[in-house]
Amino acid sequence: MKVVLIIVAIVTALYAAKVVEVSKEYQTSQKCKSCHLQIVKDWEQSWHSKSHYLKDEYFRATSEYVARKTRKSLNSVKVECATCHNPRISVTSTGFDYEVKVLMKLDKDSEVNKATQNSAISEGINCVVCHNIDKIHDDRDSSHRGMNRVSWTKSGTMVGPFSDSKSPYHKTEHRDFMDEKSDQLCFVCHANDKSVEGLVFTDMQSEYKKSEKGCVDCHMGPKVSGVAATLRLDNGKSKKRDIRAHTFSGGHVQSLWKDALGLSMWQKDSDIIIVIKNPQPHNIPSGFGSRELIIDVSYKNANKEIDSKSISLTRYYKRKRGKASIPHLAIEASEDMSIPALGKRILKVKNVAGASSVNVKVYYRLVNDEVRSILNLKEAIWSKKSLITSTNLKLK
Ligand code: HEC
Ligand code: HEC
Ligand code: HEC
Ligand code: HEC
Ligand code: HEC
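Since the structure is predicted, the reported quantities are computational estimates derived from the model, not experimental observations.

S.K.: How should I be thinking about the site of ligand 3 in this particular structure?
M.R.: Taken together, the neighbourhood of ligand 3 is formed by 23 residues, with His-48, Cys-186, Cys-189, His-190 and His-252 sitting nearest. In the environment of ligand 3, a nitrogen atom lies 2.9 Å from a nitrogen or oxygen atom belonging to the side chain of His-48. One of the side-chain N or O atoms of His-190 is found 2.8 Å from a nitrogen atom in ligand 3. With three residues, helix H10 (residues 215–219) is the single largest residue contributor to the shell around ligand 3. A class-by-class count of the residues in the shell around ligand 3 yields eleven nonpolar, nine polar and three charged.

S.K.: Whenever I open this one, the sheet that holds strand E17 (residues 357–365) confuses me. Can you help?
M.R.: Sheets are built from strands that pair by backbone hydrogen bonding, the pairs being arranged parallel or antiparallel. The antiparallel open sheet is built from four strands, whose spatial order is E12-E11-E17-E18. Taken across any chain shown, the strands that pair with only one partner, and hence form the sheet edges, are strand E12 (304–313) and strand E18 (386–394). Adjacent strand axes in the sheet meet at a mean angle of 15°, parallel and antiparallel pairs treated alike. The pairing of strand E11 (residues 292–301) with E17 spans nine bridges and is classified as antiparallel. Note that in E17 the partner of Val-297 across the bridge is Val-360.

S.K.: Would you take a moment to explain a nonpolar patch on the surface for this structure?
M.R.: Together, Phe-96, Val-100, Leu-103, Met-104 and Leu-106 make up a nonpolar patch on the protein surface, roughly 590 Å² of accessible area in all. Position of Leu-106 among the secondary structure elements: in the loop between helix H5 (96–103) and helix H6 (111–117).

S.K.: Just checking my understanding: could you explain the coordination of the iron atom of ligand 3 for this structure?
M.R.: Ideal geometry at a metal gives 109.5 degrees between four tetrahedral donors and either 90 or 180 degrees between six octahedral ones. Those donors, His-48 (NE2) and His-190 (NE2), are the protein atoms that reach the iron atom of ligand 3, and they lie 2.0 to 2.1 Å from it. Relative to the metal, the six donor atoms surrounding the iron atom of ligand 3 lie at angles of 87 to 179°, and the coordination shape comes out octahedral. Here His-190 lies in the loop between helix H8 (182–186) and strand E5 (192–194) and His-48 lies in the loop between helix H2 (33–45) and helix H3 (57–70), a separation of 142 residues in the sequence. Accessibility expressed as a relative area gives 42% for His-190, which makes it partly exposed.

S.K.: Can you walk me through the coordination of the iron atom of ligand 1 in this structure?
M.R.: His-131 (NE2) and His-246 (NE2) make up the full set of protein donors to the iron atom of ligand 1, lying at 2.0 to 2.1 Å. Classification of the site at the iron atom of ligand 1 as octahedral follows from its six donor atoms and the range of 86 to 180° in their angles at the metal. Remark: His-246 occurs in the loop between strand E8 (240–243) and helix H11 (254–257) and His-131 occurs in the loop between helix H7 (127–130) and strand E1 (133–136); sequence separation between them is 115 residues.

S.K.: Please explain the site of ligand 4 as it appears in this structure.
M.R.: Lining the immediate environment of ligand 4, one finds 22 residues, of which Cys-215, Cys-218, His-219, His-282 and Tyr-364 sit closest. Contact between ligand 4 and Ser-286: an oxygen atom at 2.8 Å from a main-chain N or O atom of the residue. Here Arg-291 contributes a side-chain N or O atom positioned 3.0 Å from an oxygen atom of ligand 4. For the shell around ligand 4, the secondary structure elements donating two or more residues are H10 and H11. With three residues, H10 is the single largest residue contributor to the shell around ligand 4. Classifying every residue of the shell around ligand 4 gives 13 nonpolar, seven polar and two charged.

S.K.: Just checking my understanding: could you explain empty space enclosed by the protein for this structure?
M.R.: By the definition in use, this model includes three cavities of 30 Å³ or more. By volume, the largest cavity is sized at about 100 Å³. Taken together, Ser-51, His-52, Tyr-53, Phe-59, Lys-78, Cys-81, Ala-82, His-85, Asn-86, Ile-89, Thr-116 and Ile-121 form the lining of the largest cavity. Sort the elements by how many residues they give to the lining of the largest cavity and helix H4 (residues 74–85) lands first, with four residues. Its volume calculated, the second largest cavity comes out at about 50 Å³. Taken together, Ala-17, Lys-18, Val-19, Val-20, Pro-87, Arg-88, Ile-89, Thr-92, Met-147 and Trp-152 form the lining of the second largest cavity.

S.K.: I keep staring at the sheet that holds strand E14 (residues 324–325) and nothing clicks. Help me out?
M.R.: Taken in spatial order, the three strands make up an open sheet running E14-E13-E15, and their pairing is antiparallel. Both edges of this open sheet fall to E14 and strand E15 (332–333), since each of them pairs with a single strand only. Relative to E14, strand E13 (residues 317–318) runs antiparallel, the two sharing two bridges. Bridge assignment links Tyr-317 to a residue of E14, and that residue is Ser-325.

S.K.: How should the nonpolar core be read in this particular structure?
M.R.: Nonpolar side chains in soluble globular proteins tend to be buried together. By size, the foremost hydrophobic cluster in this structure holds 43 residues, and its most contacted members are Ile-272, Ile-274, Ile-276 and Leu-293. For this core, the leading source of residues is H3, giving six residues. Excluding anything up to four places from it in sequence, Leu-293 contacts Leu-261, Ile-284, Pro-285, Ile-311, Ser-312, Leu-313, Ile-339, Val-362, Tyr-363, Tyr-364 and Ile-388.

S.K.: How should I be thinking about the packing of aromatic side chains in this particular structure?
M.R.: The geometry of an aromatic ring pair is captured by two quantities: the separation of the ring centres and the angle between the planes. For the coordinates displayed, the defined rule picks out five aromatic pairs. Pairwise contacts between aromatic rings join Trp-47, Tyr-58 and Trp-382 into one cluster. Of note, Lys-50 hangs over the ring of Trp-47, and the distance from its end group to the ring centre comes to 5.2 Å. The ring of Tyr-53 has Lys-78 sitting right over it, with the charged end atom 4.1 Å from the ring centre.

S.K.: I tried to follow a positive patch on the surface on my own but got confused; where do I start?
M.R.: On the surface, Arg-68, Lys-69, Arg-71, Arg-321 and Lys-323 cluster together into a positively charged patch. In this structure, Arg-321 sits in the loop between E13 and E14.

S.K.: What am I meant to see in H3 here?
M.R.: An α-helical segment advances 3.6 residues per turn. Residues three or four places apart therefore align on the same side. Over its 14 residues, H3 runs 20 Å from end to end, which matches the ideal 20 Å to within 8%, given 1.5 Å per residue. Among all positions of H3, only Glu-57, Tyr-58, Phe-59, Ala-61, Thr-62, Ser-63, Tyr-65, Val-66 and Ala-67 are buried. Buried positions along H3 lie against H4, E14 and helix H12 (369–375). Structurally, the start of H3 carries an N-cap: the backbone nitrogen of Tyr-58 is 3.0 Å from a side-chain oxygen of Asp-56. At the exit of H3 stands Arg-71, carrying a positive phi of roughly 55°.

Reading guide: rules and limits
- Residues numbered from 1 in each chain as written.
- Chains lettered and ligands numbered in written order.
- Predicted model: local features only at pLDDT ≥ 70, side-chain atom pairs only at ≥ 80, totals over all residues.
- Heavy atoms only, no water.
- Near = heavy atom within 4 Å.
- Polar contact = N/O pair within 3.5 Å; in protein donor to acceptor, adjacent residues only side chain to side chain.
- Helix = DSSP H or I, 4+ residues; strand = E, 2+ residues; numbered from the N terminus.
- Nonpolar A, V, L, I, M, F, W, Y, C, P; charged D, E, K, R; others polar.
- Pairing = 2+ DSSP bridges.
- Axes fitted to C-alpha atoms, helices over the stretch in contact; angles between N-to-C directions.
- Patch = residues over 30% accessible without salt bridge, like charges linked within 9 Å, V, L, I, M, F, W, Y side chains within 5 Å.
- Areas by Shrake-Rupley, 256 points an atom, 1.4 Å probe, with all protein chains shown as cover.
- Salt bridge = Lys/Arg side-chain N within 4 Å of Asp/Glu carboxyl O.
- Donors = N, O, S within 2.8 Å, 3.2 Å for Na, K, Ca; no water.
- Tetrahedral: all angles 85-135°; square planar, octahedral: opposite > 155°, others 65-115°.
- Buried < 20%, exposed > 50% of the residue type's maximum accessible area, 1.4 Å probe, protein only.
- 1 Å grid on protein atoms, 1.4 Å probe; cavity = no way out; pocket = protein on both sides within 12 Å on 5 of 7 lines; lining within 4 Å.
- Points joined across faces, edges and corners; volume = space filled by probe spheres on them.
- Core = buried A, V, L, I, M, F, W, Y, C linked by side-chain atoms within 4.5 Å.
- Contact = heavy atoms within 4.5 Å.
- Phe/Tyr/Trp six-rings, centres within 6.5 Å; stacked < 30°, edge-to-face > 60°.
- Lys NZ or Arg CZ within 6 Å of the ring centre and 35° of its normal.
- Lys, Arg positive; Asp, Glu negative; His and termini not counted.
- Charge placed at Lys NZ, Arg CZ, Asp CG, Glu CD.
- Expected span 1.5 Å × (residues − 1).

Dropping the structure here:
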């Protein structure tokens, strides 16, 4: 027994995330603005900048719901989620003793409370998350993600895609995960995520079908000529570089979902066959567990709608005793209805008597009805239906 405990202790110590404090002059993106203005502006629009508890209603509501249902303190849940959502936090786990402190209202001056309220982490996934990763430990088992999969550089050393850069403000070092192996960087967090019951509700890394494009080609756009830093070091000029945008656009942004899927249909006897094709290398929807595709079918006679149907492709989650729940608390999930990576899904609907044409529209929604109502989400973006693509078919 003792031996087992010692081994467990060693293994835990080996894999426990090591905190490296970031000194004030590098903590926030404000400090980078004077030389990297456009990058900071791009990043501010991205959802990486909204990954802090206070900046994303859906994330906040989920954290609070998890805390309530598991009877844990909210701060313990915040620390758990920070593994990927806020990996520069200064406390990496909480224990039973902290829960007791909270119950006795003695937590006010604790390290955990200080860590969760510290303004240094208010930007979530910011510059010093990605650019201070020293090593990515892909030898660790697949459940080690976020801060548990990386070690950090010393404060003030920025890793990047260049091997010949110099900056008067910080040290620079090249890493291949900033360059030809950048998928590896994204998979630090965008890989698999599981519920408190151990159910894996998203598994982007295993569903991924490697193609000639990497994550950055689509989510940071193609390389274009520009400057990485506006500082005039190169004989009074800023150095020309091939750079990408730091917008990390995804499912929250129209430019990306528009035409993200292909749509075709035909008539077969009394049925209409609808084929939705996904040319992207990961499933759609993917990533977070309660995204939804909505397929609205409208039957028309001349220009008048005579009937309609709505099909939802999403996943539903159940807790203990079969109660409807959210991904993070689930013990089971309904069938995965997403369109597989580089694959397709075929739907069949009945024709309607008197219809002369059919119109089909495919929409994307960030959160399905069930999860939205459990969490009582108020902001309009979560329920908004965003058009991906549509098509018409004349009937015989
Ligand atoms: C989610 C990870 C991530 C975050 C957050 C991030 N970067 Fe980057 N950054 C990258 C990647 C990947 C590249 C390499 C892009 C490429 O292929 O050119 C890069 C490249 C750069 C470059 C070199 C220019 C270029 O486009 O290649 C600079 C400078 C830079 N980042 C600064 C910043 C600053 C400043 C911030 C904060 C506002 C920031 N980055 C936030 C991942 C990140
Ligand atoms: C005083 C100006 C200045 C400030 C402030 C500054 N940088 Fe830089 N940075 C530079 C210069 C100059 C380069 C080199 C650009 C080149 O070679 O094209 C650079 C390069 C980089 C690179 C690319 C390194 C590589 O080798 O690929 C990253 C990443 C980076 N900076 C991140 C940051 C972050 C994060 C901050 C804020 C915490 C920051 N910088 C603040 C001037 C600055
Ligand atoms: C430290 C963990 C981490 C790393 C590394 C990381 N991400 Fe993220 N990413 C997140 C989290 C967490 C969110 C969700 C934030 C939110 O919505 O509050 C996110 C959001 C996104 C989104 C927006 C998704 C949407 O639904 O709109 C895109 C796109 C994205 N990341 C792409 C990337 C790419 C590409 C890379 C690699 C260059 C990368 N990320 C690296 C954790 C990470
Ligand atoms: C060929 C282009 C392409 C590549 C490569 C690609 N994606 Fe995407 N991704 C998309 C498109 C298009 C969407 C928007 C679809 C939607 O959500 O409606 C998307 C959506 C996402 C989302 C939001 C998912 C959702 O359904 O809400 C995340 C997160 C994401 N991608 C991460 C990644 C990561 C991480 C990689 C690399 C492992 C990657 N993507 C590679 C095109 C791409
Ligand atoms: C293994 C890394 C990881 C951990 C741990 C993690 N997340 Fe996430 N989370 C992500 C990534 C990556 C995304 C972005 C995926 C996407 O947008 O499709 C995300 C997105 C989300 C979203 C969707 C946000 C949006 O704006 O649509 C919610 C809600 C969320 N996480 C809640 C949580 C909660 C609550 C916890 C802790 C109980 C947690 N996550 C722990 C990686 C993680």
